[in-house]
Structure formats: structure tokens, C-alpha cells
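Structural overview
Here's the letter readout for the chains.
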Amino acid sequence: MGEHSGGLLLRRAERWPFKVNLLAHASPAAKLDYVARAGAIAVIPAHAASTGGTVAACIEAGLPFVATNVDANAERWSAQARQPRLVDPDAAALAQAISAALDDPPRPLPVDSLSQCRQSWLDTRNLPTPTRRWRVDKSAGSSPLVSIVMAHRNRPLYLKQAIAAIEAQTYDHLELVLVDDGSDLDEVRRLLDTLEPTFRQRGWKILRRPHKHLGAARNAGIRASHGELILFVDDDNALFAEAVDHFVRAMATSGADICTAFQLIFYEDFVPEDRADGLIQYLPLGGPDALGLIHNVYGDANAMMRRSAFSRIGFLIEKPGYAMHDWEFFARASLAGLKIRTIPKPLYWYRSKPDGMFRTSNWYDNRLPILEAFRSSLPDGARLLHHLAIAQNAHRSEIESARENLKYTPGNRKYLELCDIEPNSDAAIEKLASIAGSIGRPDTAATLLGRPATDHNAADRPDVGGGSIILDYDMLRSARLLTPRVSALPLLLVAPDDGGVFLRPHADGPVAASLDHHFPAFFRKVEASVEIAHADAPAMDFALALARPDQPIDWQQDIGKQTIAFSGWMSIEDRFVRHHLVATLRTRRKMLLSIVLAVRFTATSNGFPTNAFFRTLTLFSD
């Protein structure tokens, strides 16, 4: 009702006896890392889950979680992982499950389910394109006949390209049924006449019909076809050479009734030669139905389906001028229990033109048949749409009335100010952090501002003023080794009592460690105090850098070109003397960065201990 969700959480948190951190800018990987470091239990209170990705990520990382038993969450849950069982999407059930997990913490096992899923897709879809066409012995019945149904009207240039793409398919057991929907151009008539002999020779068909519009043309093509599998292809699109092969394999592997796929969009009169020139804008997931009422989550009409699907739910609607046959048909299919699966890779070129049917049809008229499909078959999740409709259409007076309540308590007026700021803007996050600090939650404020979160002894942390932070032992001990090398002694240690980070140089090359995500957003530089702490140690080079957390570094190449800020290598010979290294950003960044520490021998090792220390690390803002 118009209140900032973060503000609502903080307002309620004023009565909570535990810490609250709002990870406003954290990536999914950073959130998982936070759960792991904090020894926490992840709670996934979803009402709908198209992919179950969060559940799968927790299982892969071996992180304990409590999640709701909805949609793809149930598919991703694994008994092998020893995770708590999924619970109903109900507040009381979720609270009971969280309480049980806290009383008896689960000890899950990491299961690499994501790699298993990826490999399953790769096994069936990322097969190399054959150098020669794959010819199937039709008499052996080793692969099903695919009927490609293509409707066409007055687009001869595009039609020739679409047919050429079908002729280039690596899957041979197919037929093309071309339905001409009353073309009245002489050029088209001549083209069809030219195509007739070749079509007859291949057993393909050309149907010349009066103009009845797209739905009727496709239905006529279905009735005239013989294949067990039907593939719709628009006459202005072009299949990739491996498309039919992949569709058939996906249908067989998934057991789906309908398979859709991603597409590469282009805007020209001719199909591009390089797939790198295409654009992916539409990523259908195949569901859920709760979203299917407001958006086509199922896929594009260029899809493969079993002939039996039409026996179960009927054919395409034949309303003249209608443009959303795919959405309406897929919705009917899904609501009737047919299985729709999406192949997560582009399989065809999709031509987008300003005079296309979708762009020139009526928005409201297109949606009426979809509403009718859902009217009598609303899925359980559709009740969420009621909440969405209420939220989107709440009268301004109701929103003002809800905000008015915040004025009655002086302490709540700061939340009222937050309501008038764009929710996801930097200004809103800064205001939220200010509120968190004012109610005694400095940890929450630090997290919102992208600074390293504090602990129970935050008040005792050194602060050098001017918006600067010195990293303490709890932060430094998260350092991870970037350069594993064979060594009888540890290459990385973190000394307690503010002793700093110890790195042991190696004869094979630099030794480096990373403090992932520890350089806050909008900070300017990091300064390190470094020291050689052994009387007989050889000369060593020290370096400091700021890098993207996902950017690998090749330590045999130029470090400055691979990082965002680099101090350069500083050679140090004297012992027990502290020197200062600085890495400074030219421009401030809105993202969290990793702090990289590195050492190497200046010349060669002399055989004596090599105590190289980064004693302190100080972060500076402006």
C-alpha cells in the first residue's frame, strides 16, 4: 500500500531481538556466500517457482534451507542432499519448519544437481552439427515423421529463405506442407508454380486456399499432414540447420507434448550469416500457468507438438485478424494437463518487422480468447493475480490513507519520507541505511551501503575517519588462495590479534589471495601496510589490486590489464619495516569488488623462511 518494503521490514525489526541485514545489491552468489559464512539457514518462501534455481543452488552448495513445496522447487529437491522436506506455502507451516531447523540444524550434503541438469541438456541438445546430412532409414521406423506446417501470404522473398532453411535440415524424415492463404500477387503465383514439381518429387504439399487468415491456414496444414510430430514454421522465419533434429530429440527425451525454443531476432530482409548478429529478447520458461494469464510464458508459435495434442484440446482458433494463436493454444494445452517444455537455446531466426501481424493487430482483441481459456480453468496459483490486481489498481485515496497512519507516530515519519523515493534508487538505499543506523542497526546500514558487515564488536573496530574502514580478523580470515602451488608449508595464513595476512612466495611464481566482495561500492582506494618479518628472508615484491569477483587472473601476464586497480609491484629488501601499498580506482564503482594480495620473490629464494605479511588493510571512501 505504497510503503517501501525495506522500510516496512525495518519498522517491524525495531522489535526484533536479532540482527537484520538487507542485501540490497548482492548477487545470488554473494547471498549464498553470506549464508555459508554466517552458518545460517536459507529460507525460500516462494509462492511460485518456475525453475527452482534457488533450491538447486543451495543443494549444490550444501547449504541448509527451508523452502515451500511449489512448482519446480519440488522437482529440484533431492533426498540425497539430506535437506529438510519442503513445506506448504503457508506462514504457519513455514514458521514451524524454520523453528524445527533451528532446534535441530540439518547437516546437508552438497549434490551437484546443476551440473547434472546441464549435462542432461548437453547430451540431448548440444550435439555437433553433422558435416553431412543425417539420413534415416524411413522403413526402419527409427525416427518419427515430422510435418512442417507453414502458412504463407504474399511474402515471396521471405518464403524462399524459409524453404531454403528447411532444405538444409540435418534431419531428413520430414515433410513440408505449405499453405498459401489466398496470395494475390503474380510473383507469388509464379513462385508456387515453380515449386510444385520439386514438392511433388519430395512428397511435400502446396495447398492453395482462399484467404481465411492464419489460424485456418495452419489448421488446414495439420489436417493435410501425416507426421506424428507437427512443427509450425512461420514463412518469415528460418530454422537453424539442426533445429528439427533438436526438437525431435527434446520431445523424445522429455516426453513433452509440446516443445518450444528460444529464438534469435533480426530486422533485415535477408537472414544473417552469423548467429552472433542475432538478439535474444524473449526467454519463455514453459510456465507456470499463474503467470500465463498476463504474459506468454510458454513460447513462440514456431514449436513442435504431437498430433495427439489436437485430438485432446482441439485446433487453433480461426478468428480473422487474430495474432496470438500460440499463447492461446499453449494456455489451453497447459491448463488441460499437457506437458510443455522449452529448449533453452535458440533454434531459429525470428524476423521482426514493423508491419508484422503482431504489431498491427489489436492488443485487447488478442487477449480476449486467452482470458476465455483461463476463465473456466484457473490454476491454484492464479489467486496471486488477485493480489497483483489489487496492488496495481488500489485507489490513490487508499494508499494515502495507509501512509497517513505513519504520521501518527513521530518515530515513523522517517519511513514516510522513504515512501516518496523511487524504491530501487541509490537515494532510497541511502535513506534506508540512515534509518537503520538511527534505530540502532549499524550492521544493516553497513550492508545496505555495500560495506563489509560488522560483528558484535563493531564498536571496537578501528576507524581512521573520513569514511574509512580497517579490515579486522573476522574479515581477513575469509581470504582464499588464488594460486594453488605444490608446497609442504601453507601458502596462506591469517594471523589472529590483528597480525594480518601471511603469504608465502613460491619458486614457481607469484602467490596471491583474494578477499571476495570486500571492497564496498562507491569507495575509492585500498591501502595495505606490508612487511617482511624474518631477519634472513630474501627480497620480495608485494602487490595490491582491486578486481571483479568473477574475473580470473593469469599471473604470468600483465596484472594491471586484468584488474580494475593495481598498485604495481613494490620490491622490499629491509626487514621489520612497514611499507605502504595503494590501489586506487580512477572512477568509483557501484559494485562490490575483490581485494587481491600478491607476493613473489624479487630474484630467487635463499632457502630461509619467507614471512611476507599484509599487516593492515584500510579502505577509503571520499
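Treat the numbers as computed from the prediction; the structure is a model and nothing was measured.

Quick word on empty space enclosed by the protein
All told, the structure shown has 1 cavity of 30 Å³ or more when counted by the stated rule. Quantified by volume, the largest cavity comes out at close to 50 Å³. Forming the boundary of the largest cavity are R218, F232, A301, M305, L316, H325, D326, F329 and F330. With 4 residues, helix α13 (residues 325–335) is the single largest residue contributor to the lining of the largest cavity. Per-class residue counts for the lining of the largest cavity are 6 nonpolar, 1 polar and 2 charged.

Some details on the packing of α13 against helix α15 (residues 363–375)
Geometry of a packed helix pair, given as the angle between the helix axes and the separation of the axes. Contact geometry of α13 with α15 gives a least axis separation of 9 Å together with a crossing angle of 5°. Considering their axes alone, α13 and α15 lie roughly parallel with respect to each other. Between α13, through W327, E328, A331, R332 and L335, and α15, the contact on the second element is made entirely by R367, P369, I370, A373 and F374. In the contact of α13 with α15, the residues fall into 7 nonpolar, no polar and 3 charged.

Considerations on the pattern of salt bridges
One pass over the full model with this rule turns up 18 salt bridges. A salt bridge links R480 to D516; its shortest N-O distance comes to 2.4 Å. Here the residue R480 occupies a position in strand β12 (residues 480–481), and D516 occupies one in strand β15 (residues 511–519), the gap between them amounting to 36 residues. Classification of R480 by relative accessible area gives partly exposed; the value is 37%. Look at D516 and you get buried, because its relative accessible area is 14%. Here E531 ties to R578 by a salt bridge, and the two come within 3.5 Å at their closest N and O atoms.

Section: the sheet that holds strand β4 (residues 174–181)
If you trace the 8 strands from one edge of the open sheet to the other, you get β5-β4-β3-β6-β9-β8-β10-β7, paired in mixed fashion. Every interior strand has two partners, whereas the edge strands, β5 (205–209) and β7 (238–239), have only one. As judged from the 3 bridges shared by strand β6 (residues 229–232) and strand β9 (residues 304–306), these two strands associate in the antiparallel manner. Directly across from I230, in β9, lies its bridge partner M305. Packed on one face of the sheet, α13 meets β8 (258–266), β9 and β10 (340–351) and runs near 150° to β8.

A word on the confidence of the model for the chain
Here the chain averages 84 in pLDDT, while 85% of its residues score no lower than 70. Ignoring residues within four places in sequence, the model shows residues 129–141, a span with pLDDT below 50, making 18 contacts including any to other chains. Confidence drops under pLDDT 50 across residues 453–466; counting only partners more than four residues distant or on other chains, this segment forms 23 contacts.

Some thoughts on unusual backbone geometry
The amide bond that connects G287 to the next residue, P288, takes the cis arrangement and shows omega of 5°. Checked against the element boundaries, P288 lands in the loop between β8 and α11 (289–292). In this structure, N154 is a non-glycine residue whose phi angle is positive, near 60°. With respect to the secondary-structure elements, N154 resides in the loop between β3 (146–152) and α7 (156–167). Residue H517 is not a glycine yet carries a positive backbone phi of 60°.

Observations regarding a nonpolar patch on the surface
On the surface, W363, Y364, L368 and L371 cluster together into a nonpolar patch covering about 450 Å² of accessible area. Relative to the helices and strands, L368 is located in helix α15. On the accessibility criterion, L368 (33% relative accessible area) is partly exposed.

Looking at α13
Of all the 11 residues making up α13, 10 are buried; the element is thus mostly covered by neighbouring parts of the structure. Where α13 is concerned, the buried positions are H325, D326, W327, E328, F329, F330, A331, R332, A333 and S334. Following α13 by one or two positions, G337 adopts a phi angle in the positive range, close to 95°.

A few points about the packing of aromatic side chains
The description of an aromatic ring pair rests on the distance of the ring centres and on the angle between the ring planes. Across all of its chains, the model carries 11 aromatic pairs by this definition. Between the aromatic rings of F519 and F523, the centroid separation amounts to 6.3 Å while the plane-to-plane angle is 85°, which identifies the pairing as edge-to-face. Here the two residues F519 and F523 agree in accessibility, since each one is buried. Through a chain of ring-to-ring contacts, the aromatic side chains of F232, F310, F315, F329 and F330 assemble into a single cluster. Directly above the ring of F620 sits K525, whose terminal nitrogen or CZ lies 4.9 Å from the centroid.

Structural notes on the environment of L109
For L109, the location among the structural elements is in the loop between α5 (91–103) and α6 (113–125). Along the primary structure L109 and A61 are separated by 48 residues, whereas in three dimensions their C-alpha atoms are 8.4 Å apart. Those residues in contact with L109, other than ones at most four positions away along the chain, are I59, G62, Q80, A81 and R82.

Here's the deal with the nonpolar core
Among the nonpolar cores identified, the biggest contains 38 residues, and F519, V526, F542, L544, I595, F614 and L617 are the most heavily contacted of them. For this core, the secondary structure elements donating two or more residues are α21 (473–476), β14 (500–503), β15, β16 (525–532), β17 (540–547), β20 (579–584), β21 (593–601) and β22 (612–620). When residues in this core are grouped by element, the largest group, 5 residues, is from β21. Among all residues touching F519, those that are not within four sequence positions of it are R524, K525, V526, L546, L585, M591, L592, L593, I595 and L619. Ranked by size, the runner-up nonpolar core spans 35 residues in total, among them I148, M150, Y171 and Y348.

Thresholds applied
Residues numbered from 1 in each chain as written. Predicted model: local features only at pLDDT ≥ 70, side-chain atom pairs only at ≥ 80, totals over all residues. Heavy atoms only, no water. 1 Å grid on protein atoms, 1.4 Å probe; cavity = no way out; pocket = protein on both sides within 12 Å on 5 of 7 lines; lining within 4 Å. Points joined across faces, edges and corners; volume = space filled by probe spheres on them. Helix = DSSP H or I, 4+ residues; strand = E, 2+ residues; numbered from the N terminus. Nonpolar A, V, L, I, M, F, W, Y, C, P; charged D, E, K, R; others polar. Axes fitted to C-alpha atoms, helices over the stretch in contact; angles between N-to-C directions. Parallel < 35°, antiparallel > 145°, perpendicular 65-115°, else oblique. Contact = heavy atoms within 4.5 Å. Salt bridge = Lys/Arg side-chain N within 4 Å of Asp/Glu carboxyl O. Buried < 20%, exposed > 50% of the residue type's maximum accessible area, 1.4 Å probe, protein only. Pairing = 2+ DSSP bridges. pLDDT = per-residue confidence, 0-100. Patch = residues over 30% accessible without salt bridge, like charges linked within 9 Å, V, L, I, M, F, W, Y side chains within 5 Å. Areas by Shrake-Rupley, 256 points an atom, 1.4 Å probe, with all protein chains shown as cover. Phe/Tyr/Trp six-rings, centres within 6.5 Å; stacked < 30°, edge-to-face > 60°. Lys NZ or Arg CZ within 6 Å of the ring centre and 35° of its normal. Core = buried A, V, L, I, M, F, W, Y, C linked by side-chain atoms within 4.5 Å.

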